[in-house]
Amino acid sequence: MSLLSVRDLVVKFAMRKQTITALNQISFELARGERLGIVGESGAGKSITGFSILNLISQPGYIASGNILFEGQDMATMSAADLRTIRGNRIAMIFQDPMVTLNPVLTIGQQMVETLQAHRNLSRADAEKIAIIKLREVYIPAPEDRLKQYPHELSGGMRQRIIIAIALLLDPQLIIADEPTTALDVTIQADIMELLLDLCQSNKVSLILITHDLGVVSQMTEKTLVMYAGKIIEAGPTREIVNDPQHPYTQGLIKALPQQTAPGERLSQIPGNMPPLSDVPDGCAFHPRCEYATDLCRSTTPEIEDLGRVKVACHEVQRLNQRATPKEDSA
Amino acid sequence: MKDDVLAPNLIEMKNLEKRFALDDGFLETVKIRKGRIVREKREVHAVNNVNLTIQKGEALCVVGESGCGKSTLARLVAGLLTPSNGEIHYEGTRIDTLSGRKMLPYRKKMQMIFQNPYASLNARMTICQALEEPVRVHNAGISGAEVRDKVAEVMRSVGVDPSWASRYPHEFSGGQRQRIAIARALTVDPEFMIADEPISALDVSIQAQVLNLMLEAKEQRGLTYLFITHDLSVVQHFGTRVAVFYLGSLCELADTATLFANPKHPYTKALLSAVPQLKDDSPQHIRLKGEIPTPINLPIGCPFQSRCAQANARCLAEQPVSMLQPDGALVACHAVEEGRE
């Protein structure tokens, strides 16, 4: 049985004038110890997906339909008390900005002990011992001293390590990391990602990594979901998606990266912008930006189809593939 | 640099330094140390003794991590900050000491693009007003029709429909706003553009659009760029030369191809190894120890000493100077100079 199974999840936001569908029929599975990347541009619904797994969608948003089965229990219909036993305990979340995730008026020690005591019946001294062990796991120098420090006394990279340590405190089965290194520098990002990967592998923890950076996803994950305007448009093994993207949007995203083009040459660009969720066009949401769009794309929304190696939601993908077949044979 | 010294220098920075006082005013400088009252001024050393030239027609990229002084450098060159020490020359004329009025013709020649297009456009001005203003300021006595023609021409050249001119910035997406910000810089026909992280606030597919636009402007108008960024893949694509900064000092300066093929400074090597690659499955990431020290009390000697695997006694005592390498790169490192590996 998979650890997490999201089935036909629909999340809506009831705004004054209209109801916006932020997530439209999202389905995916995550096995124990598996690492999944969710990529897409801002507003594609990646973060909402992360939040809704923990049932953290708040007013005016709501889960309209679908199931979120974590170890067989449905998070979408669970009581608040039951949710509390899972949040932070069996599923931990790491947020983007380490400057605002930690409480500025509590010491690191207080925040770690609080987390432990909320879920386990532990004395303060025992909780601190566990906290020190976890801080050591994330390579924090002099962890005993850190417990007495406040967040502002630490650098961004150090804070993000502490947040990872807090996430690991209760030995969760799943970590959801929402753009965990976007606010950090490249050298620090590389350290944090290496650390996260090591910890997930050695503790057999599953990871959902939400990011806009295809390079990071390629280094960190085994499976990838590509999201566009609230829908999954391509899903499959990360290697397949990075090396041979099928959906025109994924192809465009990868081709637009500067490292894919010779220096000084024009980058291949996707025209236009992603539509706001309040104004998603009829048919395929990507059709106004797609060079292969047909009348069918403009009128009918494509369903996600299993092509064997990957799943793709595109009417034209079969035809595009036929055209590309001779190339694949030679390769 | 190499033997292409024939290209004239557009900008020359000599021993450029910028310090920001942390303790302003008399009372803030009074401190108690070991039971005695002393006066002490703390300063942030943002840019330290930088010598750099920008040649006509090139795109010089400045890379480094946050707090390394790269944005301060851009603002110094643009004349938005006054250097604490050192000189800035524009085609041979010293510009850092010019009065506001005398600086005006140079402001027309150099324009700046900022990181956040949500903050850099005035929310209360229509696009048309925002774009016309610089044209009027820099071309005294120009007629209204000429201004409108100029603005419409520039808007078309950056792919913004001139019929949108009466709209306000909030009606546009981030990518469109950055195009408008670029258009605003282009309205006065500058020859030198300073771009401070112009694409880091944008989504991947939009980044490509804006980068292409900047490349186009470079080719069509013969622009020279000073491009500030932390994104090395953009540097490799856009830059002709790269300057790597660490803690306010220049570590390495080289042609883009040379730098990426053969980085020499230990910090450059670590920085390049940290970029997540799309295809490569096994990255050889060089782990740096510790984190960037604060620029308030700079260490004596090499600024990179605390994180460098090759640091020795000399690095702790003596600040390295930039040395020309056989392939044309300038590297400030004792280890490279001595051939330590």
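Residues numbered from 1 in each chain as written. Chains lettered and ligands numbered in written order. Predicted model: local features only at pLDDT ≥ 70, side-chain atom pairs only at ≥ 80, totals over all residues.

Chemist: Is there a simple way to think about the sheet that holds strand 1 (residues 9-21) of chain B in this case?
Modeler: Strand pairing in a sheet relies on backbone hydrogen bonds. The paired strands run either parallel or antiparallel. All names here are of chain B. Taking strand neighbours across the sheet as the criterion, the 4 strands line up as 4-1-6-7 in an open arrangement whose pairing is antiparallel. Among the strands making up the open sheet, the edge pair consists of strand 4 (43-55) and strand 7 (93-94). By the bridge criterion, 2 bridges tie strand 6 (residues 85-90) to strand 7 in an arrangement that is antiparallel. If you follow Tyr90 over to strand 7, its bridge partner there is Thr93. Its contacts with the sheet put helix 2 (residues 70-78) on strand 1, strand 4 and strand 6, and the angle it makes with strand 4 is roughly 60°. (Pairing = 2+ DSSP bridges. Helix = DSSP H or I, 4+ residues; strand = E, 2+ residues; numbered from the N terminus. Contact = placed C-beta atoms within 7 Å. Axes fitted to C-alpha atoms, helices over the stretch in contact; angles between N-to-C directions.)

Chemist: I would appreciate a short explanation of the packing of helix 4 (residues 108-119) of chain A against helix 5 (residues 124-137) of chain A in the present structure.
Modeler: Between two packed helices, what matters for the description is the angle formed by their axes and the separation of those axes. All names here are of chain A. Contact pair helix 4 / helix 5: the axes reach a minimum separation of 9 Å and the direction vectors enclose 110°. Judged on the interaxial angle alone, helix 5 and helix 4 are roughly perpendicular. The residues of helix 5 that touch helix 4, namely those facing Gly109, Met112, Val113, Leu116 and Gln117, are Arg124, Ala127, Glu128, Ile130 and Ala131. In the contact of helix 4 with helix 5, the residues fall into 6 nonpolar, 2 polar and 2 charged. (Parallel < 35°, antiparallel > 145°, perpendicular 65-115°, else oblique. Nonpolar A, V, L, I, M, F, W, Y, C, P; charged D, E, K, R; others polar.)

Chemist: In this structure, what is going on with the sheet that holds strand 5 (residues 73-74) of chain A? I would like to understand it.
Modeler: All names here are of chain A. Pairing within the open sheet is antiparallel, and its 4 strands lie in the order 2-1-4-5. Single-partner strands in this sheet number two, and they are strand 2 (19-30) and strand 5. Those strands touched by helix 1 (residues 46-53) are strand 1 (4-14), strand 2 and strand 4 (61-70), and its axis lies near 70° from that of strand 2.

Chemist: I would appreciate a short explanation of the confidence of the model for chain A in the present structure.
Modeler: Any residue range with low pLDDT should be treated as having predicted coordinates unsuitable for detailed reading. Summarising the model, chain A shows a mean pLDDT of 89, and 97% of its residues fall at 70 or more. Low pLDDT, under 50, characterises residues 325-331 of chain A; the stretch is placed with 0 contacts to residues that sit more than four places away or in other chains. (pLDDT = per-residue confidence, 0-100.)

Chemist: How should I be thinking about the interface of chain B and chain A in this particular structure?
Modeler: By a frequent convention, interface size equals the accessible area lost on bringing the separate parts together. Facing the 32 residues of chain B at the interface are 33 residues of chain A. For the side of chain B that touches chain A, the elements supplying multiple residues, two or more each, are helix 7 (204-221), helix 8 (232-238) and helix 10 (266-273) of chain B. Broken down by element, the residue count for the side of chain B that touches chain A peaks at 8 residues, all from helix 7 of chain B. Class assignment of the residues belonging to the side of chain B that touches chain A gives a composition of 14 nonpolar, 13 polar and 5 charged.

Chemist: Quick question: what am I supposed to make of the packing of helix 7 (residues 156-168) of chain A against helix 8 (residues 186-203) of chain A here?
Modeler: Residue and element names in this part refer to chain A. Direction vectors running N to C along helix 7 and helix 8 enclose 15°, while the axes themselves pass 10 Å from each other. With respect to helix 8, the element helix 7 is oriented roughly parallel. Helix-helix and strand crossings are classified by hand; for helix 7 and helix 8 the assignment is right-handed. Two secondary-structure elements touch here, helix 7 through Gly157, Gln160, Arg161, Ile164 and Leu168 and helix 8 through Ile188, Asp191, Ile192, Leu195, Leu196 and Leu199. When its residues are assigned to classes, the contact of helix 7 with helix 8 shows 7 nonpolar, 2 polar and 2 charged. (Left-handed = near helix turned anticlockwise from the far one by under 90°.)

Chemist: Looking at this structure, I do not really get unusual backbone geometry. What am I missing?
Modeler: For residues besides glycine, phi is generally negative; the peptide bonds are generally trans as well. Residue A:Pro60 follows A:Gln59 across a cis peptide bond; omega there is 0°. Considering the arrangement of structural elements, one finds A:Pro60 in the loop between helix 1 and strand 4. Phi angles above zero are rare outside glycine, and A:Glu71 is one such case at about 50°. Residue A:Glu71 is classed as partly exposed on the basis of its 16 C-beta neighbours within 10 Å. Unlike most non-glycine residues, B:Glu91 shows phi in positive territory, near 45°. (Buried ≥ 20, exposed ≤ 12 C-beta atoms within 10 Å, placed from the backbone.)

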